[in-house]
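# Remarks on the overall topology
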Amino acid sequence: MSRVAVIAPGATAVGPYAHAVRACDTVYLSGQTPIDGATGRLVEGGFKEQVHQCFRNLEAVLTAAGLGFGDVVKCNVFLTDMGDFAAMNHVYAQYFAAPYPARTTIGVAALPLGAHVEIEMVAAVPRS
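Residues numbered from 1 in each chain as written. Predicted model: local features only at pLDDT ≥ 70, side-chain atom pairs only at ≥ 80, totals over all residues. Heavy atoms only, no water.

## Concerning the overall build of the protein
The line we're drawing: Helix numbering and strand numbering both begin at the N terminus, where a helix is a DSSP run of H or I of at least 4 residues and a strand a DSSP run of E of at least 2. For the radius of gyration, the atom set is restricted to C-alpha positions; the globular benchmark scales as 2.2 Å times the number of residues to the power 0.38. Contacts between residues were defined by any pair of non-hydrogen atoms, one from each residue, lying within 4.5 Å. Every accessible area reported is derived by Shrake-Rupley at a probe size of 1.4 Å, with residue values counting cover from the shown protein chains alone. His is not counted here, nor are the chain ends, while Lys and Arg score as positive and Asp and Glu score as negative. The atoms used to mark charge sites are NZ of Lys, CZ of Arg, CG of Asp and CD of Glu.
Per the secondary structure count, the protein includes 2 helices and 8 strands. Order of helices (α) and strands (β) in the protein, N terminus to C terminus: β-β-β-β-β-α-β-α-β-β. Rg of the C-alpha trace for the protein: 14 Å, near the compact-globule value of 14 Å for 128 residues, within the 12% margin. Across its three principal axes, the protein shows a C-alpha extent of roughly 40 × 30 × 25 Å. Intrachain contacts of the protein at a sequence separation of at least 6 include 67% that bridge at least 24 residues. When the accessible surface of the protein is split by element, carbon and sulfur atoms take 55% of a total near 6700 Å². The positive charge centre, built from 8 side chains, and the negative charge centre, built from 10, are 6 Å apart in the protein.

And the structure:
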């Protein structure tokens, strides 16, 4: 099986990994934290803004792979405070339409750079 790295302008990697990898007809997106690609720092403005920034970063990766949010089949969301679950859902719903992707939300002790949220996705490449 071959794998092809996807590198997205504007998305930041904080370690030795690709923004995404395509294997066959599936694209696995690495978790994106709310880093503003222009500054290299966490976006300012509170939790909801962090979630929006994660989605902006993920959109850049999806676009680089020739995909969009409608191609996403699975999301994993990592929160440092499960008390933010409802706020995350509010923002999340702005990026997807029914039928929604499958999703898991996990509470974690900490995330890179002090982020409060990280989101990873799996997308299916449409057959042409």
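## Quick word on the environment of A23
Structurally, A23 can be placed in strand β2 (residues 20-23). Taking the C-alpha atoms as reference points, A23 and A5, separated by 18 residues in sequence, lie 9.1 Å from one another.

## Notes on the nonpolar core
In plain terms, the rule: What is meant by a nonpolar core is a set of buried Ala, Val, Leu, Ile, Met, Phe, Trp, Tyr and Cys residues, joined one to another through side-chain atoms within 4.5 Å. For the exposure calls, accessible area comes from a 1.4 Å probe over protein chains only, and a residue counts as buried if that area is under 20% of its type's maximum, exposed if over 50%, partly exposed in between.
Core analysis: the largest hydrophobic core is formed by 28 residues, its most contacted members being L29, F55, I119 and M121. Contributions of two or more residues to this core are made by β3 (26-32), α1 (47-64), β6 (72-79), α2 (85-92) and β8 (117-124). Here this core takes 7 residues from α1, the largest share from any one element. Leave out the neighbours within four places in its chain, and M121 touches V27, Y28, L29, F55, L58, L62, F69, V72, K74, C75 and F96.

## Observations concerning unusual backbone geometry
One can expect most non-glycine residues to show negative phi and most peptide bonds to be in trans. Of the consecutive residues A98 and P99, the connecting peptide bond is found in the cis state with omega at -5°. For P99, the location among the structural elements is in the loop between α2 and β7 (102-107). With a phi angle near 55°, C24 is a residue other than glycine that sits in the positive phi range. With respect to the helices and strands, C24 occurs in the loop between β2 and β3. In this structure, L113 is a non-glycine residue whose phi angle is positive, near 60°.

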